[in-house]
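Take a look at the letters that make up each chain.
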Amino acid sequence: MSDVRVTKRIEFSSSHRYHNPAWGQARNIAAFGACNLSPGHGHNYLLEVTIAGAVSQDTGMVVNLFDLKQVLLDVLVGFDHKHLNLDTPYFSSRIPTTENIATVLWSVLVARPEMAGLKKIRLYEEDDLYAEVTAQRIAGGTAVITRRYHFSAAHRLHADHLDALDNQRLYGRCHGSSLHGHNYTVAVTVGGPIHPETGMVTDLTVLDRLVRETVLARFDARTLNDDPAFARIAPTGERLSKFIWDLLVKQIGEGQLERIGIIETPESSFEYVGGRP
Ligand code: NI
């Protein structure tokens, strides 16, 4: 029987500070902004642990979720309500970024015999920022980070080559003569080595500026059909995810663009993984 994946989520709260002791204060502030302020600040982290394995004939389970929760609680004693820089042994020589915390949690969890099937760790620092590591990524010294952005835009789905009846059949309520709007979420996932000086896969300040200038300024509070990219084709979520990939892929500074996600409504989302230049 093929493997089944099981994911358990658990929260913990920690404080941290981004500070590279090899740098002076000005460079630390320039690189990390308010995240450099002493003694630090806190987050409610959400840890997602995915285990893969065969389903037991006896129990019908891959892993006993009560046992798994206990392992996670045991491990998180070392992190929960701690200052990650000051109260744990893991961050004396690396900055407790989301990528590095996920990497440390992987190494601590994988050492436990109960975690033999550990497949993936996803760690949320907040709803709009999370890191992921897998065995393959750990072996390669890489991680991925996903940053989510938001914009609101109007659109209308209409294909020029179809008549009114076929447009109505194809796009239903999303056709029609009037526009409707969505609160779009764009999830930008970047992967690569964790930079030893910053602890980051990609500089989030640079990524934020790029997405703000390239994507949000272009689409927020606009009508997608008025954009030259969608002047003659329907601005579907599929096309939007591919178009945003194309806008960003050559401009990511550190790391590589790995995927673009679009959440159009709570019920509809899209992901695109394209080729790289
Ligand atoms: Ni922080």
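The structure displayed is predicted, hence computed values, not measured ones. (Residues numbered from 1 in each chain as written. Predicted model: local features only at pLDDT ≥ 70, side-chain atom pairs only at ≥ 80, totals over all residues. Heavy atoms only, no water.)

## Looking at the domain arrangement of the protein
- Considered domain by domain, the protein is made up of domain 1 (1–140) and domain 2 (145–277).
- With 20 residues of domain 1 at the interface, the matching set in domain 2 holds 15 residues.
- Both sides together, the interface formed by domain 1 and domain 2 hides about 1500 Å², and carbon and sulfur atoms give 46% of it.
- Summed over the three residues of domain 1 that lose the most area to domain 2, namely Glu99, Asp128 and Tyr130, the buried surface amounts to 39% of that side.
- Inspection of the region where domain 1 meets domain 2 yields 4 salt bridges. (Domains from an automatic or database assignment. Contact = heavy atoms within 4.5 Å. Buried area = accessible area lost by both parts, 1.4 Å probe. Salt bridge = Lys/Arg side-chain N within 4 Å of Asp/Glu carboxyl O.)

## Notes on the environment of Asp208
- Residue position: Asp208 is located in helix H7 (residues 204–219).
- Judged by its relative accessible area of 17%, Asp208 falls in the buried class.
- Asp208 sits 59 residues away from Tyr149 along the chain, and the two C-alpha atoms are 8.6 Å apart.
- Residues within four places of Asp208 in sequence aside, it is in contact with Arg147 and Tyr149.
- For Asp208, the side chain forms a polar contact with the side chain of Tyr149, separated by 2.7 Å. (Helix = DSSP H or I, 4+ residues; strand = E, 2+ residues; numbered from the N terminus. Buried < 20%, exposed > 50% of the residue type's maximum accessible area, 1.4 Å probe, protein only. Polar contact = N/O pair within 3.5 Å; in protein donor to acceptor, adjacent residues only side chain to side chain.)

## A closer look at the pairing of strand E4 (residues 118–126)
- Two strands pair when backbone bridges link them, and strand E2 (residues 41–53) and E4 are joined in this way by 6 bridges, in the antiparallel orientation. Within E4, the position partnered with Glu48 by the bridge is Arg122.
- Direction of pairing for E4 relative to strand E5 (residues 129–134): antiparallel, over a ladder of 6 bridges. Bridge pairing in E5 links Tyr124 to Tyr130.
- The hairpin formed by E4 and E5 contains 2 residues between the paired strands. (Pairing = 2+ DSSP bridges.)

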